[in-house]
Amino acid sequence: LFEAVDVFCESVGFTLVQTKRVFEAATKLNIPVKGHMEQLSNLGGSELIAQYHGWSVDHIEFLDEPAIKALSESGTVATLLPLAFYFLRETQKPPIALLRQYGVPMAVSTDYNPGTSPFTSLRFAMNAACVFFGLTPEEVMAGVTRNAAKALGREATHGQIKSGFIANFAIWNVQDPVEIFYEVGYNPLQQRVYEGNIT
């Protein structure tokens, strides 16, 4: 019925102790873990995720260097949610330079929800990741493909156009890949391919 356990560890969410209890229970049931961590403060949730080799940590505006080092060693993906950052008018940006330095894979997502990110457009999130967080177009493209697949535990079957992978991809009418998310109000989508079938 579900693929992973995701905990919001924050001053307005689960405490670190509560989060650890959930992760312990999930581990006993062989359920992978993820977390929304370090959005408003640094409680150590990302380091805890790394201890359990979690799939991803999301938000991470208040992530510090020890936690980034732990994520790098565990292979956990750092998922950036620039539209929540935008909608909440936050000012603390994720430590992109340190994530790059330690080689932590970065995913990009919308964090679509009615309270803090009422946006469904992945292209808008891609644009915002460049504008607000300074990601390169190449980092953004990796963030919504192979790194996003890894954050979902699907890196062996999704996220790349590659032999043996599920053929889910979009075909864009552009000269340069950055055009896919450069003009947010213009949609250059030409075709979709889902499981090998053109839709």
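Since the structure is predicted, the reported quantities are computational estimates derived from the model, not experimental observations.

The rules behind these values
- Residues numbered from 1 in each chain as written.
- Predicted model: local features only at pLDDT ≥ 70, side-chain atom pairs only at ≥ 80, totals over all residues.
- Heavy atoms only, no water.
- Pairing = 2+ DSSP bridges.
- Helix = DSSP H or I, 4+ residues; strand = E, 2+ residues; numbered from the N terminus.
- Salt bridge = Lys/Arg side-chain N within 4 Å of Asp/Glu carboxyl O.
- Buried < 20%, exposed > 50% of the residue type's maximum accessible area, 1.4 Å probe, protein only.
- Core = buried A, V, L, I, M, F, W, Y, C linked by side-chain atoms within 4.5 Å.
- Contact = heavy atoms within 4.5 Å.
- Patch = residues over 30% accessible without salt bridge, like charges linked within 9 Å, V, L, I, M, F, W, Y side chains within 5 Å.
- Areas by Shrake-Rupley, 256 points an atom, 1.4 Å probe, with all protein chains shown as cover.
- Lys, Arg positive; Asp, Glu negative; His and termini not counted.
- Charge placed at Lys NZ, Arg CZ, Asp CG, Glu CD.
- Axes fitted to C-alpha atoms, helices over the stretch in contact; angles between N-to-C directions.
- Phe/Tyr/Trp six-rings, centres within 6.5 Å; stacked < 30°, edge-to-face > 60°.

As for the sheet that holds strand β8 (residues 197-198)
- A sheet is described by the order of its strands in space; here three strands give the open sequence β6-β7-β8, paired in antiparallel fashion. Whereas interior strands pair on both sides, the edge strands pair on one side only; in this sheet they are β6 (169-172) and β8.
- Looking at chain direction, strand β7 (residues 189-194) and β8 are connected through two bridges and run antiparallel. Counted as the bridge partner of Tyr-194 is Asn-197 from β8.

Structural notes on the pattern of salt bridges
- Scanning the entire structure with this criterion turns up three salt bridges.
- Across the pair Arg-154 and Glu-3 runs a salt bridge whose closest N-O atoms are separated by 2.7 Å. Taken together, the residues span a long stretch of sequence, with Arg-154 in the loop between α8 (146-151) and β6 and Glu-3 in the segment before β1 (5-9) at a distance of 151 residues.
- Residue Glu-3 is classed as partly exposed on the basis of its relative accessible area of 45%.
- Between Glu-73 and Lys-69 there is a salt bridge, with its nearest N and O atoms 2.7 Å apart.

Examining unusual backbone geometry
- The backbone of Asn-30 sits at a positive phi, close to 60°, despite the residue not being glycine.
- Inspection of the secondary structure puts Asn-30 in the loop between α1 (16-28) and β2 (33-37).
- Positive phi outside glycine occurs at His-53, with the angle close to 50°.
- Mapped onto the elements, His-53 comes out in the loop between α2 (45-51) and β3 (56-59).

Topic: the nonpolar core
- Within the largest apolar cluster, 39 residues are counted, with the highest numbers of intra-cluster contacts made by Phe-23, Ile-60, Leu-63, Leu-80, Ile-96, Leu-99 and Leu-135.
- In terms of residue count, helix α6 (residues 122-133) provides more of this core than any other element does, five residues in total.
- Apart from the residues lying within four places of it in its own chain, the contact partners of Ile-60 are Met-37, Glu-38, Ser-46, Ala-78, Thr-79, Leu-80, Pro-94, Pro-95 and Leu-99.

A few points about a negative patch on the surface
- Side chains of Glu-138, Asp-176, Glu-179 and Glu-183 sit close together on the surface and give a patch of like negative charge.
- Taking relative accessible area as the criterion, Asp-176 reaches 39% and is therefore assigned partly exposed.

Comments concerning the side chain of Asn-127
- You can see Asn-127 is positioned in helix α6.
- Each residue touching Asn-127, except ones within four places of it in the same chain, is listed here: Phe-181, Tyr-182 and Val-184.

Focus on the sheet that holds strand β5 (residues 106-108)
- Taken in spatial order, the five strands line up as β1-β2-β3-β4-β5 in an open sheet, and their pairing is parallel. This sheet does not close on itself; its edge strands, each paired only once, are β1 and β5. On average, each strand axis in the sheet is inclined to that of its neighbour by 25°, with strand direction left out of account.
- Bridge count for β3 against strand β4 (residues 77-80) is three bridges, and the pairing is parallel. Considered in β4, the bridge of Asp-58 is made with Thr-79.

Digging into the packing of aromatic side chains
- A full pass over the atoms with the stated rule returns eight aromatic pairs.
- Where Phe-85 meets Phe-133, the ring centres are 5.1 Å apart and the plane angle is 75°; that geometry is what we call edge-to-face. Taken together, the positions of Phe-85 in helix α4 (residues 82-87) and Phe-133 in helix α6 put the pair 48 residues apart, joining distant regions of the chain. Accessibility classification places Phe-85 together with Phe-133 in one group, the buried group.

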